[in-house]
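If you want the building blocks of each chain, they are given just below.
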Amino acid sequence: MPARKRLVDNLTPKVASRQQPRRVEVAPRRPSPPKRQPTPEPKFVRDDLPHPGEQPGTSDSSKPSPSLVLRRARLRHSLEDELQLSPKRLQPIKDLPRSFGPPLLRGLVESVRDVLGPSAVPTPIQSLAIKHLVPDSKTSNVHRSGLPSHQRWHQCLLASETGSGKSFAYLLPLLHNLKRTEMPHNSPHRQAQLHSHLPSPRGLIIAPTHELSRQLTSFAKSLTHIEKLRVRCASRANLPNTSRSSTASKMSGDTTSAGADGDASAEFEVRPPRETEYGRNADLLVGTPMKLLDMVRGYGWDRQPETQADPSEEQSFFKREPELNLEKIEYVVVDEADVLFDPDFLEYTQMLLSDISEARGRVLPESPEDRGVRPGVLMYPFHFIMTTATIPASLASYLDTHHPNLIRLASPKLHQLPSSLKTEHVGPSTGNRNSDVEKRIRRVWDEDAHQGRSEKSKVLVFCNRSTKVEELGKYLEEKGIPNLALTSTSEARSIGSNRHLAGFLKPQVSSKKQKDPMATSSDSEHPVAKPKETPNVLITTSLLSRGLDFSPSLTHVFMLDEPRNQIDFLHRAGRTGRAGEQGTVVVFGKGKMRGSVDVERTLQNSKRDFKSSRGRY
Ligand SMILES: Nc1ncnc2c1ncn2[C@@H]1O[C@H](COP(=O)(O)OP(=O)(O)OP(=O)(O)O)[C@@H](O)[C@H]1O
């Protein structure tokens, strides 16, 4: 029996997983969170949606201009709000960059062209981010250092539809700013940082899943071959290949098989493969909030004692020393902000942000500097960027309360399906949905053959429950359709890399990849399995619906169960039709989403919005 209970879902804070036979309470530096209760199936997609008839953006999308907007608008109503522009607050955007170039650093420009192709141009959200987050060369941190917090540190929301390039939209300014303000290599400060006992990154990216953390790490690495920065993922992919000693394994509470339970702790340490001059340090670290909290506070910080007997022994057994220093953090990105500020994650996301603030000398929320500021308003002592493809009511209200002066960079296509997506609704036919799915998959492949494609298209099937994932996986297997059925507890997820998704995720290719002295065995470097070795059907839950960049060969997303709501629908659908590629979304079922959102109407509205906004960029 594994030493630790399995995570209900990797998207669930590990509250549910930390149950061991013998535990010790280790006082966190900050007040303890409420006693953790087992968390039910995560519902980071919420039912707080606009009225089905109120499709976002229809009024504004008919206006010819401006095509892009920078707003400091109040958030009023769930999905609808971001597109309801107040004329007073609307600021037309002029002089947006139309190509990747200065003021971005030359090396970054070269890298982005290398990854995206020489003729790539910024997507709208990238243009906005470059214009507003990349300072011109005259502005420097030196000038800003004397400013009060609210002027010195930016808070920004990047919001645009799925597959529109938000990752590069924040990575380019982030890497540019990190590189531009890097200390000279031979300076004493830099040397001290390189050889410091604890990693002390200057940038942190927080993402809801390990899979997304790893993919973002690989995105960032692909941009740092010329402008060199050390990018690391708080993931076991960074561990040396040698297996951990049994003592270390016991200390962490996980064994080799415990790693298979999907528990975040199995990927805890950030260690380089060798002790180079770069040591254990990183300029930019990527991870989930729970993993990062473990590193900051020391693994085991949140354990509750079961017995009072011999606490010192327990402590040495379960509690580790902190492995991360937050003092140098200047940039924090919260990717998939609507998930990470959803009630399921909020406590841990906030806790991490508070820890960073405290490490930087500012205890939140009642810093002396905050006197006179509206209660609840949070002013962090670092640049704070949030990204999202959907703004549910919970996030809207959170931003209104805590970040009223946030700069919002948003696309008017927010909350719409990508324009390259076709949609289809398959009502019940045989009474057996598994059989309906099988038939539809075969149709996809028949069409491939008809069009002379040598390789079969890949199909991603979303189910609402893990049991359904397993059931459908078995059914298709019996019908001769090999597939990867992946739930939060699947053993395939334990390997500490994204290899289990090889062939499905888009590989990050860089033609000019140089020999990188900081290279690790990250998933980006794992060879992608050949198509014949890889199943063409992936079956999963909402676990993989967020942020992941799937291969263009994944042309179809099936929703076996009707999505819980429009947000769920948009994120699941958005795994195909990315970056202008063609994609098809097929929704199976009776036609009502949970919360009585009508599937047909959602599909129709999504199309209508697409048509009315076509050509606006
Ligand atoms: N300027 C560009 N031109 C062409 N392709 C691009 C450009 N920028 C990004 N891409 C590609 O678009 C794809 C989607 O990018 P990314 O994953 O950042 O989207 P996203 O907006 O974060 O999506 P999601 O909301 O689903 O997380 C990636 O494969 C990326 O390489």
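Given the structure is predicted, the values throughout are model-derived calculations rather than measurements. (Residues numbered from 1 in each chain as written. Predicted model: local features only at pLDDT ≥ 70, side-chain atom pairs only at ≥ 80, totals over all residues. Heavy atoms only, no water.)

## Notes on the pairing of strand β4 (residues 203-206)
The alternating pattern of β4 places G203 and I205 and L204 and I206 on opposite faces, both of which are buried. Pairing of β4 with strand β6 (residues 284-287), which is carried by 4 bridges, proceeds in the parallel orientation. Paired with G203 across the two strands is L284, which belongs to β6. In the sheet, β4 pairs with strand β7 (residues 331-334) via 4 bridges, with the strands oriented parallel. Bridge pairing in β7 places L204 opposite V332. (Buried < 20%, exposed > 50% of the residue type's maximum accessible area, 1.4 Å probe, protein only. Helix = DSSP H or I, 4+ residues; strand = E, 2+ residues; numbered from the N terminus. Pairing = 2+ DSSP bridges.)

## Regarding the packing of helix α17 (residues 433-450) against helix α18 (residues 466-478)
What describes two packed helices is the angle between their axes and the distance between those same axes. In contact at an axis separation of 10 Å, α17 and α18 are set at 55° when each is read in the N-to-C sense. With respect to α18, the element α17 is oriented oblique. Of the two elements, α17 crosses α18, and the hand of that crossing is right-handed. Contact residues: N434, S435, V437, E438 and I441 in α17; K468, E471, L472, Y475 and L476 in α18. In terms of residue class, the contact of α17 with α18 is built from 5 nonpolar, 2 polar and 3 charged. (Axes fitted to C-alpha atoms, helices over the stretch in contact; angles between N-to-C directions. Parallel < 35°, antiparallel > 145°, perpendicular 65-115°, else oblique. Left-handed = near helix turned anticlockwise from the far one by under 90°. Contact = heavy atoms within 4.5 Å. Nonpolar A, V, L, I, M, F, W, Y, C, P; charged D, E, K, R; others polar.)

## Digging into the environment of I391
Inspection of the secondary structure puts I391 in the loop between β8 (383-388) and α16 (393-402). Using a relative accessible area of 0% as the deciding quantity, one classes I391 as buried. It is 15 Å that separates the C-alpha atoms of I391 and T401, two residues lying 10 residues apart in sequence.

## Some words on the site of the ligand
The environment of the ligand is formed by 22 residues, the closest being Q126, K166, S167, K506 and D549. Contact between the ligand and G163: an oxygen atom at 2.8 Å from a main-chain N or O atom of the residue. One of the backbone nitrogen or oxygen atoms of S164 is found 3.1 Å away from an oxygen atom of the ligand. Judged by the proximity of its atoms to the pocket grid, the ligand belongs to the largest pocket. Counting only domains with at least three residues in the shell around the ligand, you end up with domain 1 (85-135 + 151-182 + 198-236 + 280-301 + 320-365 + 375-413) and domain 2 (421-506 + 532-611). (Near = heavy atom within 4 Å. Polar contact = N/O pair within 3.5 Å; in protein donor to acceptor, adjacent residues only side chain to side chain. 1 Å grid on protein atoms, 1.4 Å probe; cavity = no way out; pocket = protein on both sides within 12 Å on 5 of 7 lines; lining within 4 Å. Sits in = over half its atoms within 2 Å of the grid points. Domains from an automatic or database assignment.)

## Remarks on helix α12 (residues 289-297)
Across the 9 residues that make up α12, a large majority, 9, are buried. When we look at burial in α12, the residues that qualify are P289, M290, K291, L292, L293, D294, M295, V296 and R297. Turning to α12, the residues buried within the fold contact β4, α9 (210-222), β6, α14 (337-340) and α15 (343-359). After α12 finishes, the residue G298 shows a positive phi value of roughly 95°.

## Examining the environment of W445
Relative to the helices and strands, W445 is located in helix α17. For W445, a relative accessible area of 11% gives the class buried. In this structure the C-alpha to C-alpha distance between W445 and S457, which are 12 residues apart in sequence, comes to 6.6 Å. Setting aside its immediate chain neighbours within four residues, W445 contacts K456, S457, I481, N536 and V537.

## Some words on the pairing of strand β14 (residues 554-559)
In summary, the side chains of a regular strand alternate between the two faces of the sheet. Counting buried positions over the 6 residues of β14 gives 6, a clear majority of the element. Pairing between strand β11 (residues 458-462) and β14: 5 bridges, direction parallel. Residue L460 lies in a different strand from β14, and its bridge partner there is V557. Judged from the 4 bridges that link them, β14 and strand β15 (residues 583-588) form a sheet pairing that is parallel. When the bridges of β15 are listed, F558 appears paired with V586. Regarding topology, helix α19 (residues 566-573) serves as the crossover connection from β14 to the parallel β15, and that connection is right-handed. (Right-handed = clockwise from strand over helix to strand, strands pointing away.)

## Re the nonpolar core
Grouped together as the largest cluster of nonpolar side chains are 61 residues, with contacts concentrated most on L158, L171, I205, L284, L538 and F550. Per-element accounting of this core gives the leading share, 8 residues, to helix α7 (residues 166-180). Looking at which domains feed residues into this core, each of domain 1 (85-135 + 151-182 + 198-236 + 280-301 + 320-365 + 375-413) and domain 2 (421-506 + 532-611) supplies at least three. Beyond its immediate chain neighbours, meaning those up to four positions away, L171 contacts H176, I205, L216, F219, A220, L223 and L284. Core analysis: the next-biggest nonpolar cluster, separate from the first, contains 41 residues, A234, Y380, F382 and L395 among them. (Core = buried A, V, L, I, M, F, W, Y, C linked by side-chain atoms within 4.5 Å.)

## Let's talk about the domain arrangement of the chain
For the chain, the assigned domains are domain 1 (85-135 + 151-182 + 198-236 + 280-301 + 320-365 + 375-413) and domain 2 (421-506 + 532-611). Listed per partner, the contact involves 16 residues of domain 1 and 23 residues of domain 2. For the pair domain 1 and domain 2, the summed buried surface comes to about 1,600 Å²; carbon and sulfur atoms form 50% of the total. In this assembly, domain 1 and domain 2 are joined by 2 salt bridges. Taking the shortest distance from any N to any O, the salt bridge between R546 and D338 comes out at 2.9 Å. Scanning the region where domain 1 abuts domain 2 turns up 10 residue pairs in polar contact (both at pLDDT 80 or more). Of all elements in the fold, only α9 and α14 reach the threshold of two or more residues within the side of domain 1 that touches domain 2. The element contributing the most residues to the side of domain 1 that touches domain 2 is α9, with 5 residues. Split into classes, the residues belonging to the side of domain 1 that touches domain 2 amount to 5 nonpolar, 6 polar and 5 charged. (Buried area = accessible area lost by both parts, 1.4 Å probe. Salt bridge = Lys/Arg side-chain N within 4 Å of Asp/Glu carboxyl O.)

## Observations concerning the packing of aromatic side chains
On inspection of all chains with the given rule, the structure shows 6 aromatic pairs. Considering the side-chain rings of F168 and F219, the 5.7 Å spacing of their centres and the 75° angle between planes classify their relative orientation as edge-to-face. Of the two residues, F168 sits in helix α7 while F219 sits in helix α9, which places them 51 residues apart along the sequence. Judged on exposure class, the residue F168 and its partner F219 are both buried. Measuring from centroid to centroid gives 5.0 Å for Y380 and F384, while their planes differ by 75°, and the two rings are edge-to-face. Note on accessibility: Y380 and F384 belong to one class, buried. Members of the aromatic cluster, each reached through a chain of ring pairs, are Y380, F382 and F384. (Phe/Tyr/Trp six-rings, centres within 6.5 Å; stacked < 30°, edge-to-face > 60°.)

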